Amino acid sequence: MHAPGIWGILVVAVVVILLFGRGKISGMMGEVASGIKAFQKGMKDDDKPVDRVTTTADAEVREPEKKDV
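Just so we're clear, the structure is a prediction, and the values are computed from it rather than from any experiment. (Residues numbered from 1 in each chain as written. Predicted model: local features only at pLDDT ≥ 70, side-chain atom pairs only at ≥ 80, totals over all residues. Heavy atoms only, no water.)

### Description of the overall build of the protein chain
Turning to step 1, where the next piece is worked out: Scanning the protein chain from terminus to terminus reveals two helices and zero strands.
Turning to step 2, where the next piece is worked out: With 69 residues in all, the protein chain has 0% of them scored as buried.
Turning to step 3, where the next piece is worked out: Of the roughly 7300 Å² of accessible surface on the protein chain, a fraction of 64% belongs to carbon and sulfur atoms. (Helix = DSSP H or I, 4+ residues; strand = E, 2+ residues; numbered from the N terminus. Buried < 20%, exposed > 50% of the residue type's maximum accessible area, 1.4 Å probe, protein only. Areas by Shrake-Rupley, 256 points an atom, 1.4 Å probe, with all protein chains shown as cover.)

Written out as structure tokens, the structure is:
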């Protein structure tokens, strides 16, 4: 197998532009860019230190101790 030549790449590009149009392609690229920005913001928020991690053991309600009368 060989790499596609310049004519093959041009044919694929023309078919993609005809199928999707310029407006749809630019809209999809904008959505991809906003998704990447949201991902980077989420990764930046993860760097903040956490005060305390709640575990299931912390959430369980413990019964009060019974006193002998």
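### Observations concerning a nonpolar patch on the surface
Turning to step 1, where the next piece is worked out: A cluster of nonpolar side chains, contributed by Val 11, Val 12, Val 15, Val 16, Leu 19, Phe 20, Met 28, Met 29, Val 32 and Ile 36, occupies part of the molecular surface with about 900 Å² of accessible area.
Turning to step 2, where the next piece is worked out: Structurally, Val 11 can be placed in helix H1 (residues 6–45). (Patch = residues over 30% accessible without salt bridge, like charges linked within 9 Å, V, L, I, M, F, W, Y side chains within 5 Å. Salt bridge = Lys/Arg side-chain N within 4 Å of Asp/Glu carboxyl O.)

### Here's the deal with H1
Turning to step 1, where the next piece is worked out: A rise of 1.5 Å per residue sets the reference length of H1, with its 40 residues, at 58 Å; its end C-alpha atoms lie only 44 Å apart and thus fall more than 12% short of the reference.
Turning to step 2, where the next piece is worked out: Along its length, H1 shows its largest kink, about 90°, at Gly 21. (Expected span 1.5 Å × (residues − 1). Bend = angle between axes of the 7 residues up to and from the residue.)

Coordinates in, geometry out; function isn't part of it.
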